[in-house]
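# Inside the fold
Spelled out, the chains give:
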Amino acid sequence: MTLNSKVPEGRMDQKWDNYKASVSLVGPANRRRLEVIVIGTGLAGASAAATLGEMGYKVKAFCFQDSPRRAHSIAAQGGINAAKNYQNDGDSDYRLFYDTEKGGDYRSREANTYRLAQVSANIIDQCVAQGVPFAREYGGMLANRSFGGVLVQRTFYAQGQTGQQLLLGAYSALERQVALGTVTMYSRHEMLDVVVIDGKARGIIARNLVTGELERHFGHAVVMCSGGYGNVFYLSTNAMGSNVTAAWKAHKKGAYFGNPCYVQIHPTCIPVSGDYQSKLTLMSESLRNDGRIWVPKKKDDNRKPNDIPDEERDYYLERRYPAFGNLVPRDVASRAAKERCDAGYGVGSSKQAVYLDFKSAIERYGKTEAHKKGMHNPSKEEITEMGKDVVKSKYGNLFAMYEKITGENPYEVPFRIYPAVHYTMGGLWVDYELMTTLPGLYALGECNFSDHGANRLGASDLMQGLADGYFVIPYTIGSYLSKEIRTNAIPTDHPAFDEAEKNVRGRLEQLLNIKGTKSVDHYHKALGQIMWHKCGLARNEKDLKDAIQEIKALRAEFWKDVRVPGEMNSLNPELEKAGRVADFFELAELMCIDALNRDESCGCHFRLEHQTEDGEALRNDKDFAFVSAWEHQGDENWELHKEPLTYEYIEVKQRSYK
Amino acid sequence: MEHKNLSLTLKVWRQKNSKAQGGFETYKIDGISTEMSFLEMFDVLNEKLINEGKEPVAFDHDCREGICGMCSMYINGRPHGPWHGTTTCQLHMRAFNNGDTIVVEPWRAKAFPVIRDLVVDRSAFDRIIEAGGYVSVNTGTPQDANAIPIPKQKADAAFDSAACIGCGACVAACKNSSAMLFVSAKVAQLANLPQGQPERATRALNMLDQMDKEGFGSCTHTGACEAVCPKEISVLNIAKLNNEYLGASLTVARD
Ligand SMILES: Cc1cc2nc3c(=O)[nH]c(=O)nc-3n(C[C@H](O)[C@H](O)[C@H](O)COP(=O)(O)OP(=O)(O)OC[C@H]3O[C@@H](n4cnc5c(N)ncnc54)[C@H](O)[C@@H]3O)c2cc1C
Ligand code: SF4
Ligand code: FES
């Protein structure tokens, strides 16, 4: 099958308008008959389900948590981008598009990224109309901050809880539709397979996680909004339940997987403290607006951070990247931290950490406050106190969170931070309409591969999830469903449903019947170790080849020796985890294959064999300006398809943040 | 931070399903680092139970960052345990001493039936939101986000109320199992914003009606909810809700 991205003709800035003007519509009476299944209620899923419900489609939405409001999107901290140019600092759709392309190291599809920039402003309007309490200035206007990789202030935020506030907005819109009867919500349900009839996605098999029963659900279309797969590394900033299963089942039923090796490792997370560690906590990138990152200039310097004078500190980001300083993109900042720690300059007991210091920010803000209040000779203590108050108002919840976890007070001593797996740019391959290669199956939000290329800029995923759900899918799904108005709902006793349910049941029973000796977590941790060391921040051919063999061996052992207690017909968290880890094994292998195949460095994908003299990612546009779309061809067997990337609207350059 | 290892006795509520009779089981556990989170301590316990061929303890959790509202343990007689303004997942073992006995139960309330062990059904909260916890606006092209300036104090107050994570600790702490703090936080958020005005009166009435229908008790102002709320939602929200309710009862014709 050749990949058709279905990018509309015409000028870049007119494509989306042209598309909307010419796409087939479905009339209101028909919409009431058409059933749409939405998997996931994060920003992408909740916004899609609510909007499709408002339009009159019959929607069924699924999530595995006990309420749609708890999707992983709730944890997003820093903010959401939009090309509003409220700060009058030269922002525009083009600039947001350009920053996203450049940030992604020129590995994303221009037309999708441009559309994202175009609809971004509308998202903020919509959220404000829903009652999302964004931060505001004293004049009553919306406030903005900056994120890495850009020179404008276009990030909207609600303290450090932007994801929570946006998701609660989308959740309330969703619950309103539930009340109106257009959406039926299935919480504590896990989708375990896609049902394909005559080559089209026509439904799902889901397990009711409370009773353990397997259920069949028909849909004229299925919209996947199941989030990212960072937890393949075991330790990541993702919620514990985030997993690849929904996307992976779709992949095995015919949806190609795009760029699986593009994983973002976030520079500012709380370091690992012990082997019992279950997850890593992000300290929002917004901290880099005011915090300064440093390590001691001297190797193995064991002095306390506050005892090291300024001239003996190496503010290595400011030194290496004077133009962007502490606000370089994430991939650059993460590698720079690893470089310093590997070279022996790391801090803390593990030496796998660097400092993020607010001392100068506190002093700077304190002085401004004193000035505002007309204080002429403020004491050092007064300045510090006032400065702390300002910092608290901006980042209070992050500082409190850090203190709870580490027992250290970051107003007094610098944060200790280290990179951690955070976000997956790869995902199900989709065309301009967000349809996968399986007709009738769409993918939105983090579970698709689109928009962010090889590296996502901060505050751009909340934007993408909501763009996809509120403003893209409501149009593009019409193009498919307008041809389905004569399709009656297919009864779920159709043989394809029988077959899918039988397979799901067989796999669950198999897992329960192994009755081996080691827990699911044991295997998950071991898989995570392989991935972190061999397919993480820096990769090379030998490690990747080794990793593939190690993953295969570990996977075989898992299927022989895992112990899954409990039974099928009740709430059984171990069984849920076992199914997810089994899928992670398969995905992990494909990630390594993809990383091996992409014999260049780009964005987050850093192959040690390909770097510039000063250690930056060295792309190879001649051979690798394409999206890798992998077709599943049976167990441990994939075929690569390439979607060439061509650039009309920007000049492709070596990225530079100096 | 320097860390110590603790040996603990855990008394944990075990219940097979909503119909079964539950009871406490006692477990001894060693080598718990003070740097672990409370849920990581439960991971260690569960790993041990699995290795012994027993069934692990079921508990709800997801983000482990204090924001999703999923974790919900009643620890030593207090929802989310001893730390102020902290969810179960953010509670760390530094809070305990070597040799301590820790009693862990699920949320207890008629409207939150136990599903298994420490897992309860909180879907009643979703239904309360369905009754009116939103602004009735469809996706489309609303006016520009800066068209209506909102005074910073109002926006900040709305945010403080909106910080509720829907965990249900307030209900678990309340002797009447009232959900007033949860309901009032949503009502107050929207009452503070211009977008919330058109439906202001009906919202308060409908959400409170639903709260009653779900079997939550009424509020007798003990303040137990505020004391345990991990997001420090203030009881002033309840006062605000009562005002909204009074105002609405006078102005809205009800059928
Ligand atoms: C700590 C943290 C902070 C972040 N901060 C920011 C930020 O400031 N700005 C930004 O732009 N981005 C941020 N991100 C990234 C962003 O939060 C996520 O990429 C985004 O929320 C993903 O949204 P989503 O809707 O695609 O998926 P999710 O929110 O992950 O939702 C997935 C949904 O799918 C459901 N699901 C999954 N599998 C199944 C299944 N098999 N059956 C049924 N349901 C299923 C889940 O229940 C859930 O409802 C952050 C990420 C993290 C981890
Ligand atoms: S008000 Fe507080 S305790 Fe109650 S649900 Fe909200 S966050 Fe939890
Ligand atoms: S697990 Fe999310 S709040 Fe505790």
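Residues numbered from 1 in each chain as written. Chains lettered and ligands numbered in written order. Predicted model: local features only at pLDDT ≥ 70, side-chain atom pairs only at ≥ 80, totals over all residues. Heavy atoms only, no water.

## Remarks on the nonpolar core
Within the largest apolar cluster, 204 residues are counted, with the highest numbers of intra-cluster contacts made by A:Ile80, A:Phe134, A:Met224, A:Tyr442, A:Ile477 and B:Phe216. Looking at this core element by element, the count peaks at 12 residues for helix α16 (residues 573-597) of chain A. Within the second largest apolar cluster, 35 residues are counted, among which are A:Tyr321, A:Phe324, A:Leu356 and A:Tyr365. (Core = buried A, V, L, I, M, F, W, Y, C linked by side-chain atoms within 4.5 Å. Buried < 20%, exposed > 50% of the residue type's maximum accessible area, 1.4 Å probe, protein only. Helix = DSSP H or I, 4+ residues; strand = E, 2+ residues; numbered from the N terminus.)

## Points about the domain arrangement of chain A
All names here are of chain A. As assigned here, chain A comprises domain 1 (12-20 + 29-261 + 422-481) and domain 2 (265-421). Once you take the C-alpha centre of each, domain 1 and domain 2 turn out to be 32 Å apart. Here domain 1 packs against domain 2, burying approximately 2300 Å² in sum over the two surfaces, 56% of which is carbon and sulfur. A per-residue breakdown of the area domain 1 buries against domain 2 is headed by Gln77, Leu235 and His422, which together make up 27% of the total. (Domains from an automatic or database assignment. Buried area = accessible area lost by both parts, 1.4 Å probe.)

## Notes on the domain arrangement of chain B
By convention, interface size is frequently given as the accessible area that disappears when the constituent parts associate. Residue and element names in this part refer to chain B. Along its sequence, chain B is carved into domain 1 (5-105) and domain 2 (123-251). The distance between the C-alpha centroids of domain 1 and domain 2 comes to 30 Å. Carbon and sulfur atoms supply 57% of the area that domain 1 and domain 2 bury against each other, a total of about 910 Å² over both sides. Taken together, the links from domain 1 to domain 2 amount to zero salt bridges. At the boundary of domain 1 with domain 2, the tally comes to two residue pairs in polar contact (both at pLDDT 80 or more). (Salt bridge = Lys/Arg side-chain N within 4 Å of Asp/Glu carboxyl O. Polar contact = N/O pair within 3.5 Å; in protein donor to acceptor, adjacent residues only side chain to side chain.)

## Thoughts on the site of ligand 2
Around ligand 2 lies a shell formed by B:Phe125, B:Cys164, B:Ile165, B:Gly166, B:Cys167, B:Gly168, B:Ala169, B:Cys170, B:Leu181, B:Cys229, B:Pro230 and B:Ile233. Each residue belonging to the shell around ligand 2 can be placed in one class, and the counts come to 10 nonpolar, two polar and no charged. (Near = heavy atom within 4 Å. Nonpolar A, V, L, I, M, F, W, Y, C, P; charged D, E, K, R; others polar.)

## Some words on the interface of chain B and chain A
Between chain B and chain A, the contact holds 73 residues from the first and 78 residues from the second. Both faces considered, chain B and chain A share a buried interface measuring about 6200 Å² in area, 52% of it formed by carbon and sulfur atoms. Here chain B is connected to chain A by four salt bridges. A salt bridge links A:Lys84 to B:Asp144; its shortest N-O distance comes to 2.9 Å. Summed over the shared surface of chain B and chain A, the number is 43 residue pairs in polar contact (both at pLDDT 80 or more). Breaking the side of chain B that touches chain A down by element, the ones donating at least two residues are α1 (38-51), β6 (114-116), β7 (119-120), α2 (123-130), α3 (152-162) and α5 (180-191) of chain B. For the side of chain B that touches chain A, a count of residues per class yields 34 nonpolar, 20 polar and 19 charged. (Contact = heavy atoms within 4.5 Å.)

## Some words on the packing of helix α3 (residues 43-55) of chain A against helix α6 (residues 162-180) of chain A
Residue and element names in this part refer to chain A. Interaxial distance between α3 and α6 falls to 8 Å at its minimum, and their mutual angle equals 30°. Considering how the two elements wind past one another, α3 and α6 form a crossing that is left-handed. On α6, the residues touching Leu43, Ala46, Ser47, Ala49, Ala50, Gly53 and Glu54 of α3 are Leu166, Leu167, Ala170, Tyr171, Ala173, Leu174, Arg176 and Gln177. For the contact of α3 with α6, a count of residues per class yields 10 nonpolar, three polar and two charged. (Axes fitted to C-alpha atoms, helices over the stretch in contact; angles between N-to-C directions. Left-handed = near helix turned anticlockwise from the far one by under 90°.)

## A look at the packing of aromatic side chains
Residues and elements named next belong to chain A. The final tally for this structure, using the stated rule, is 37 aromatic pairs over all chains. With centroids separated by 6.5 Å and ring planes inclined at 55°, the aromatic side chains of tryptophan 294 and tyrosine 315 adopt a geometry described as tilted. Placement of tryptophan 294 in strand β12 (residues 292-296) and of tyrosine 315 in the loop between β13 (313-314) and α8 (316-320) is noted, with a sequence separation of 21 residues between them. The same class applies to tryptophan 294 and to tyrosine 315, which are both buried. Centroid distance tryptophan 294 to tyrosine 355: 4.7 Å. Interplanar angle 45°. Geometry classified as tilted. (Phe/Tyr/Trp six-rings, centres within 6.5 Å; stacked < 30°, edge-to-face > 60°.)

## Looking at the packing of helix α15 (residues 541-561) of chain A against α16(A)
Residues and elements named next belong to chain A. At a closest axis distance of 9 Å, the pairing of α15 and α16 adopts a crossing angle of 160°. Considering their axes alone, α15 and α16 lie roughly antiparallel with respect to each other. The handedness of the crossing between α15 and α16 comes out as left-handed. Counted together, Glu541, Leu544, Lys545, Ala547, Ile548, Ile551, Lys552, Leu554, Arg555, Phe558 and Trp559 of α15 and Ala578, Val581, Ala582, Phe585, Glu586, Ala588, Glu589, Cys592, Ile593, Ala595 and Leu596 of α16 form the full contact between these two elements. (Parallel < 35°, antiparallel > 145°, perpendicular 65-115°, else oblique.)

## Remarks on the site of ligand 1
Residues and elements named next belong to chain A. Among the 37 residues in the neighbourhood of ligand 1, the closest are listed as Gln65, Ser73, Glu446, Asp461 and Leu462. The separation between a nitrogen atom of ligand 1 and a polar main-chain atom of glutamine 77 is 3.2 Å. Taking cysteine 225, its main chain carries an N or O atom lying 3.4 Å from an oxygen atom of ligand 1. For ligand 1, whose free accessible area comes to 1000 Å², the fraction covered by protein is 98%. (Areas by Shrake-Rupley, 256 points an atom, 1.4 Å probe, with all protein chains shown as cover.)

## A closer look at the environment of A:Ala489
Note that A:Ala489 resides in the loop between α12 (461-481) and α13 (495-514). Setting aside anything within four residues of it in sequence, one finds A:Ala489 in contact with A:Glu35, A:Phe218 and A:His220.

## Remarks on the pairing of strand β14 (residues 354-357) of chain A
Residue and element names in this part refer to chain A. Neither face of β14 is exposed, since Val354 and Leu356 on one face and Tyr355 and Asp357 on the opposite face are all buried. In this sheet, β14 lies alongside β12 in antiparallel orientation, the contact comprising three bridges. Residue tryptophan 294 lies in a different strand from β14, and its bridge partner there is tyrosine 355. Inspection of the sheet shows β14 paired to strand β15 (residues 415-424) by three bridges, in the antiparallel sense. Across the sheet, residue leucine 356 finds its bridge partner in β15, namely phenylalanine 415. (Pairing = 2+ DSSP bridges.)

## Observations concerning the environment of B:Trp83
Its place among the elements puts B:Trp83 in the loop between β4 (78-79) and β5 (101-105). By relative accessible area, which is 22% here, B:Trp83 ends up partly exposed. As a C-alpha pair, B:Trp83 and B:Asn243 span 160 residues in sequence and 32 Å in three-dimensional space. In this structure B:Trp83 touches A:Lys404, B:Arg78, B:Gln90, B:Leu91, B:His92, B:Arg94 and B:Ala95, once residues within four positions along its chain are discounted.

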